[in-house]
2 protein chains.
Amino acid sequence: MFKVNDNYLKLPGSYLFSTIGKKVAAFSEANPDKTIIRLGIGDVTQPLAPAIIESLHGAVEEMAVAETFHGYAPDLGYEFLRKAMADNDYKARGCDIAADEVFISDGAKCDSGNIQEIFSLDNKIAVCDPVYPVYVDTNVMAGRTGIYDAVSETWSDVIYMPCTAETNFAPELPEETPDIIYLCFPNNPTGSAITKDELQKWVDYANKVGAVIIYDAAYEAYISEENVPHTIYECEGARTCAIELRSFSKNAGFTGVRLGATVIPKDLKQGDVTLHSLWARRHGTKYNGAPYIIQRAGEAVYSEAGKAQLKDQVAYYMNNAKTIYEGLKSAGYTVSGGVNAPYIWLKTPDKMTSWEFFDYLLEQANVVGTPGSGFGPSGEGYFRLTAFGSYENTVAAIDRIKAL
Amino acid sequence: MFKVNDNYLKLPGSYLFSTIGKKVAAFSEANPDKTIIRLGIGDVTQPLAPAIIESLHGAVEEMAVAETFHGYAPDLGYEFLRKAMADNDYKARGCDIAADEVFISDGAKCDSGNIQEIFSLDNKIAVCDPVYPVYVDTNVMAGRTGIYDAVSETWSDVIYMPCTAETNFAPELPEETPDIIYLCFPNNPTGSAITKDELQKWVDYANKVGAVIIYDAAYEAYISEENVPHTIYECEGARTCAIELRSFSKNAGFTGVRLGATVIPKDLKQGDVTLHSLWARRHGTKYNGAPYIIQRAGEAVYSEAGKAQLKDQVAYYMNNAKTIYEGLKSAGYTVSGGVNAPYIWLKTPDKMTSWEFFDYLLEQANVVGTPGSGFGPSGEGYFRLTAFGSYENTVAAIDRIKAL
């Protein structure tokens, strides 16, 4: 008699964004006359840049002719894309990462969910609180998180590192020693960033205690301040303790295109076993590569035209971020983020819970945001708005919130 | 101190097709004057059909304009594709499968590797021997297979069902009762098929013992005989015991495009828990959907023009299969498969091992095939050739083999 993976049944409720989707759908159905503005899920709205469109069309044409048709991709990604990333994201910043340390995938969500598979079940993970739910949920599904306490909304075998106004939305080194540390900067959901010196402390700590850092750099394109690192490999010693996750979703608008990458330096080892070899084995056995045409689109992100067009696209969203930040501030809200990240993090007014504020905003302003508590217990009383709407919708949403 | 997943270290050697790739690369480098013909890995060579190219271009254009741009896809796939599959692959054959029981993915390799995650670690799996290596390897990586015996090349906690000439290349019901049964028909690697009556026996058996069948239907487009089922849901009672994996790789040449689907009927349960809900949760948490433009390409597979063009493409490959089958037979080889599948399975001559024959063929005829032993111990002494080359290469390869 087959038996299901009981760990799945321990997960409280459904995935955050599925719940939001259902709530919005129900409201929309009950109020067909209302125009809803979505600043909730971090989905982009600007079309793909012309350089990317051109590249996609070109690759589609290649697939139409036997001589240039592409079947199975190389296990770990096409060399042209791995090299473009190594050159532009790393070597150009003085970081020592080789093309064959970059693994191409269909997105950072998959990678951030799958990466835990190459670790033993008895590793203890540490996460920021609040945090992108995928890090914890995928460890729950694997059976690595112990028992769930419904009152505190925490797992017994997870080390939570609060990131609240009191800690300036950055984690402090944990008292209990973790084996795997998830860090994401610029941060989702708080929009906060840390300096290179601050990140160096984490690298030093991880090397000292023998922990591995899984560093999610999905939002690095939004960094505007000088002393904020674009990759963890700017820090000395990161090659022996850090895995980095890269996304094309936010810097190039690929949420519906699906492309990402994971970097594992070959110096990252347990004894003789490199994590690089384990991830390569996982790719070879459980994955079949990102589509050729999509990898060509990724290459165009690093072309001169692509870079210029995407710089404008990021600037467009960051202008939205400024609009939200300043608009809410002038309306008396306590806000942070939005300077090095496309996320604005606000304190809910009048001691509303995050979900109360979600319902309030949906019903009264027809604006969708994301409840902070959905990202962890320390997110309670906070709320996330994203800069990924159109400028017109962003202005309209802020006007509606101000009018409440 | 972090610890790696030791199960990965139990895997003997590297993934079969990676090993073949390395051997061929080494031979090629040492013999730059030789023209190698690859009939090894099951990769297609014909370009994408015109209807698919047109659909891809159209979808790319949609991504270029804000009004028709598509961001994150629905968790489980776009309705247009789920419905096209439910209508064409199931309803048209009288099978009761609804659109919301179809989960769109980026390929059957990922799905066949990931599906085991929704089951407990203490399920016992049964596999055909020989078999597509992904089924066993992904269970090894999860820690479900016990101890490896290097002499017999088997795992202590896996039930092997030999499929050799003696069993007509079909499995017999196992003596020990399994919890999860992997079946693939038409079969990779042997190219054999089973009748609907034979498959019905497996469905009845699974329902009787409470096992779940993971049915890989990747090659159904190649079925030419009347009494061979195109889906397991042609069998009565399959809704309570079977998951079906579908691929676009071989029927539409999508090996480099990446699209697949998994069907889980809502009647498949352990108590109140549906496997459908667990797989939906996995999709929502660890996956972010197949690219919009690729899902549109999948839709074109089911258009009238697409169907006609792909029928021709399958016929082209099946003509190759016939060429291989008859050519080898006339040369005195013992061959099977090739009638309902794009794979030809042959007995190695002169008691050569599978890898000896691989080297012999590579060195003497410069033809790449796949050693049967790479698919399991009962594959020893067999060899797989695929029909996915060009017609010209297929003819040339067979001429070379005949000339040996």
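Residues numbered from 1 in each chain as written. Chains lettered and ligands numbered in written order. Predicted model: local features only at pLDDT ≥ 70, side-chain atom pairs only at ≥ 80, totals over all residues.

1. Looking at the overall build of chain A
Piece 1. A tally of regular secondary structure across chain A gives 12 helices and 17 strands.
Piece 2. Against the 2.2 N^0.38 benchmark of 22 Å for 404 residues, chain A shows a C-alpha radius of gyration of 21 Å, consistent with a compact globule.
Piece 3. Principal axes of the C-alpha set define a box for chain A whose edges measure 60 × 55 × 50 Å.
Piece 4. Every one of the 404 residues in chain A was classed for burial, and the buried ones make up 56%. (Helix = DSSP H or I, 4+ residues; strand = E, 2+ residues; numbered from the N terminus. Rg over C-alpha atoms; globule rule 2.2 N^0.38 Å. Buried ≥ 20, exposed ≤ 12 C-beta atoms within 10 Å, placed from the backbone.)

2. Let's talk about unusual backbone geometry
When glycine is set aside, most residues are seen to have a negative phi, and most peptide bonds are trans.
Residues and elements named next belong to chain A.
Piece 1. The residue after D129, namely P130, is reached through a cis peptide bond having omega 5°.
Piece 2. Residue position: P130 is located in the loop between β3 (125–129) and α6 (133–142).
Piece 3. Cis rather than trans, the peptide bond between N188 and P189 has omega equal to 15°.
Piece 4. Relative to the helices and strands, P189 is located in the loop between β7 (180–184) and α7 (196–209).
Piece 5. Located in the positive-phi region is R258, a residue other than glycine, with phi close to 70°.

3. Details of the sheet that holds strand β16 (residues 370–371) of chain A
All names here are of chain A.
Piece 1. The strand order across the open sheet formed by four strands is β13-β14-β17-β16, and the pairing between neighbours is antiparallel. Unpaired on one side and paired on the other, β13 (335–337) and β16 mark the two borders of the sheet.
Piece 2. One ladder, built from three bridges, connects β13 with strand β14 (residues 343–347); its direction is antiparallel. Residue pairing in the sheet places V335 in a bridge with L346 of β14.
Piece 3. In this fold helix α10 (residues 304–330) packs onto β13, β14 and β17 (382–386), with an angle of close to 15° to the strand it touches most, β14. (Pairing = 2+ DSSP bridges. Contact = placed C-beta atoms within 7 Å. Axes fitted to C-alpha atoms, helices over the stretch in contact; angles between N-to-C directions.)

4. A look at the interface of chain B and chain A
Piece 1. Taken together, the 70 residues of chain B in the interface contact 70 residues of chain A.
Piece 2. Only α1 (6–10), α3 (50–63), α5 (108–114), α6 (133–142), α8 (275–286) and α9 (292–301) of chain B provide two or more residues apiece to the side of chain B that touches chain A.
Piece 3. For the side of chain B that touches chain A, the leading source of residues is α8(B), giving six residues.
Piece 4. Counted by class, the side of chain B that touches chain A contains 37 nonpolar, 20 polar and 13 charged residues. (Nonpolar A, V, L, I, M, F, W, Y, C, P; charged D, E, K, R; others polar.)

5. Section: the relation of the copies chain B and chain A
Piece 1. Structural alignment of chain B on chain A gives an RMSD of 0.0 Å, achieved by rotating through 180° and translating 0.0 Å along the axis. Classification of the inter-copy transformation places it as that of a two-fold axis. Scanning chain B for the C-alpha nearest the rotation axis identifies H57(B), at a separation of 3.1 Å.
Piece 2. A share of 100% of interface residues in chain B that are also interface residues in chain A marks the association as one of identical surfaces. (Least-squares fit on C-alpha atoms with pLDDT ≥ 70 in both.)

6. Topic: the sheet that holds strand β9 (residues 242–247) of chain A
All names here are of chain A.
Piece 1. The strand order β2-β10-β9-β8-β7-β3-β6 describes an open sheet built from seven strands, whose pairing is mixed. The sheet is open, and its two borders are formed by β2 (102–105) and β6 (158–162), each paired with just one other strand. Neighbour to neighbour, the strand axes of the sheet diverge by 20° on average, direction disregarded.
Piece 2. Of the strands in this sheet, β2, β9 and β10 (260–263) touch helix α4 (residues 79–90), which is tilted by about 120° from β2.
Piece 3. Packing of α7 onto the sheet brings it into contact with β7, β8 (212–216) and β9, and relative to β8 it is tilted by some 150°.

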